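Listed below are the residues making up each chain.
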Amino acid sequence: MHKFDYFASNILNTINMTAITSYITNDFKAIDSQEKTAVVQSFFDAVAFSHFPVVEEEIYIGSVACEDIETFSGNKKIADYRYAFERFFARTNMIWLDVLEVFAKNHTNLVPVLDESNKYVGYYEIEDVINFFHETPFLKESGEVIIVKKGVLDYSISQIVQIVESNNGKLLGLLVSDSDSNSIQVTLKINIGSINEIIQSFRRYNYEIISEHQEDNYINTLKERSDYLDKYLNI
């Protein structure tokens, strides 16, 4: 692996590799599969969860949705409706970005957590995962945010890192913030280095600068020339 590819990989995983298992909670016990549906309905009336895990002999068998529980007969066991359970979950060894992806894909505010033997160990709440993100250096530490754009087939994470590093910049993190079939947009947070030199280097490598910066001499020069031209034409 090229040294810049290796470094880029480390940058991308700076905030990913931090464990979030301390946020696993058991404030509420998982629903036993033999529980009466009426009891589960009362539980959902008292909480704001979109889903909640159901277990059978400590093994996770799925999550029941708040919207579905309202349609179930209160006299039956919750296990009678296992066909309606949603079976998303996170593993205890998942990095936080993968956990966040589970939340997003399943439109939920609670994700069950399983160990490697599929034993249920607790759950994550979306507020805790977001708070975890807020404590990462990418958001918590001060720095300059630069957003660059380039063709999908032309951009290179290792090149982006090299441009920043070669201008004495220090990356707090970067992420692909937008993309389509033609181009990709990368957001970087930098807390050391000459922002103007970094920006001009990106332009030399044909990256479009999406974000606006007071230190951008190129844009400032264009503005001064435009102002001068307007003044000249109005004489």
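Residues numbered from 1 in each chain as written. Predicted model: local features only at pLDDT ≥ 70, side-chain atom pairs only at ≥ 80, totals over all residues. Heavy atoms only, no water.

### Section: the sheet that holds strand β8 (residues 170-179)
Next, step 1: Here we have 4 strands laid out as an open sheet, ordered β8-β9-β7-β10, and antiparallel in their pairing. Two strands in the sheet have a free side with no partner beyond their single neighbour: β8 and β10 (208-209).
Next, step 2: Bridge analysis of strand β7 (residues 144-151) against strand β9 (residues 183-192) gives 8 bridges, and the strand direction is antiparallel. The residue of β9 that forms the bridge with isoleucine 146 is leucine 188.
Next, step 3: With respect to the sheet, helix α7 (residues 157-166) is in contact with β7, β8 and β9, its orientation differing from that of β8 by roughly 140 degrees. (Pairing = 2+ DSSP bridges. Helix = DSSP H or I, 4+ residues; strand = E, 2+ residues; numbered from the N terminus. Contact = heavy atoms within 4.5 Å. Axes fitted to C-alpha atoms, helices over the stretch in contact; angles between N-to-C directions.)

### Observations concerning the sheet that holds strand β4 (residues 90-91)
Sheets are built from strands that pair by backbone hydrogen bonding, the pairs being arranged parallel or antiparallel.
Next, step 1: If you trace the 3 strands from one edge of the open sheet to the other, you get β4-β5-β6, paired in mixed fashion. Both outer strands of the open sheet, β4 and β6 (120-125), are each paired with one neighbouring strand and no more.
Next, step 2: One ladder, built from 2 bridges, connects β4 with strand β5 (residues 110-114); its direction is parallel. Across the sheet, residue arginine 91 finds its bridge partner in β5, namely leucine 114.

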